Amino acid sequence: MGLREIAEADLSVILADNLCGFSWPITVTDPAGTSVSLGGFSDDISQIIDPDTGQAVSGRLASAALSISALTAAGLGLPQGIADSGSKPWLVAFDDINGNPFTFKVSKSNPDRALGVVICLLELYTA
């Protein structure tokens, strides 16, 4: 087994480890309505950097890191941002640390095919 295969296997375990790791329950729904629950990393913070000034400002930045092999094993493809507002988006849902549920749509996805992870940049979704 090569170094890339070892790294992908290790990352898959880290993303799924909810006993000793940072894994968090995340539900992913594709545009066809198929939902799966996976373990992954998620964040939802309220500070972003203003690109014009370089200063920290109040805003909302949410993302989720998911294993590509876990998505594939669950029968889903890679989440992607869908710009057409008339089309159904990929959805990512997770609770914050206090148990408050949030649903986001994928605005952009950044797959790392060498490591086997996709980072989904999210924006709040209202049906």
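Up top is the structure.
Conventions used here
- Within each chain, residue numbers correspond to sequence positions counted from 1 in written order.
- Whole-chain, interface and lining totals are the exception, using all residues; otherwise, since this is a predicted model, local features are given only for residues with pLDDT of at least 70 and side-chain atom pairs are given and counted only at 80 or more.
- Think of the side-chain values as coming from all heavy atoms in the structure, minus any hydrogens and water.
- Numbering of helices and strands runs from the N terminus; a helix is a DSSP stretch of H or I covering at least four residues, while a strand is a stretch of E covering at least two.
- When we talk radius of gyration, it's over C-alpha atoms, and the globule rule is simply 2.2 Å times the number of residues to the 0.38.
- Burial classification: accessible surface area is computed with a 1.4 Å probe over protein chains only, and a residue below 20% of its type maximum counts as buried, one above 50% as exposed, and the rest as partly exposed.
- When checking whether two residues touch, look at their non-hydrogen atoms; a contact exists if any pair is within 4.5 Å.
- Areas reported here follow the Shrake-Rupley algorithm with a probe of radius 1.4 Å; residue values treat only the protein chains shown as occluding.
- All tallies of charge rest on Lys and Arg as positive and Asp and Glu as negative; His and the ends of each chain are not included.
- We put the charge of a Lys on NZ, of an Arg on CZ, of an Asp on CG and of a Glu on CD.
- By the convention used here, strands pair only if DSSP detects at least 2 bridges between them.
- Only protein atoms enter the 1 Å grid used here. Points where a 1.4 Å probe fits but cannot escape make up a cavity, open sets with protein on both sides within 12 Å along at least five of seven lines make up a pocket, and a residue lines them when an atom lies within 4 Å of a point.
- Grid points are joined across faces, edges and corners, and a volume is the space filled by probe spheres set on the points.
- Side-chain atoms within 4.5 Å link the members of a nonpolar core, which is a set of buried Ala, Val, Leu, Ile, Met, Phe, Trp, Tyr and Cys residues.

Caption draft 1: The arrangement of the overall build of the protein in detail. Helix and strand content of the protein: two helices and six strands. Reading the protein from its N terminus to its C terminus gives the helix and strand order α-β-β-β-α-β-β-β. The C-alpha atoms of the protein give 15 Å as radius of gyration, which agrees with the globular expectation for 127 residues (14 Å, within 12%). Summarising its shape, the C-alpha atoms of the protein cover approximately 45 × 35 × 30 Å along the three principal directions. Burial analysis of the protein (127 residues in total) assigns 25% to the buried set. Taking as baseline every contact in the protein between residues at least 6 positions apart, the subset at least 24 positions apart corresponds to 48%. In the form shown here, the protein has an accessible surface area of approximately 7800 Å², with 56% of it arising from carbon and sulfur atoms. Separation of charge centres in the protein, based on 6 positive and 14 negative side chains, amounts to 8 Å.

Caption draft 2: Fine view of the pairing of strand S5 (residues 101-112). Where strand S4 (residues 91-95) lies against S5, five bridges are found, and the strand directions are antiparallel. Bridge pairing in S5 links Asp-95 to Pro-101. Hairpin connection, S4 to S5: the antiparallel pair is bridged by five residues, and Gly-99 has positive phi, about 85 degrees. Summarising the sheet, S5 and strand S6 (residues 117-124) pair through eight bridges and their orientation is antiparallel. Each bridged residue has a counterpart across the sheet, and for Lys-105 the counterpart in S6 is Glu-123.

Caption draft 3: Structural context of the layout of surface pockets. In this structure, the largest pocket occupies an estimated 160 Å³ of space. Residue lining of the largest pocket: Phe-22, Trp-24, Ser-42, Asp-43, Asp-44, Phe-94, Asp-95, Asp-96 and Ile-97, and that is the complete set. Secondary-structure elements contributing two or more residues to the lining of the largest pocket are strand S2 (35-49) and S4. Broken down by element, the lining of the largest pocket gets its largest block of residues, three residues, from S2.

Caption draft 4: Representation of the nonpolar core within the structure. Counting residues in each nonpolar core, the largest one holds 18 residues, and the members touching the most others are Ile-26, Val-28, Leu-66, Leu-71, Val-92 and Leu-122. Looking at this core, the elements that each hand over two or more residues are strand S1 (24-29), S2, strand S3 (56-67), helix H2 (68-73), S4, S5 and S6. Among residues more than four places away in sequence, those in contact with Val-28 are Thr-34, Ser-35, Val-36, Leu-38, Leu-66, Leu-71, Leu-76, Pro-79, Trp-90 and Leu-91.

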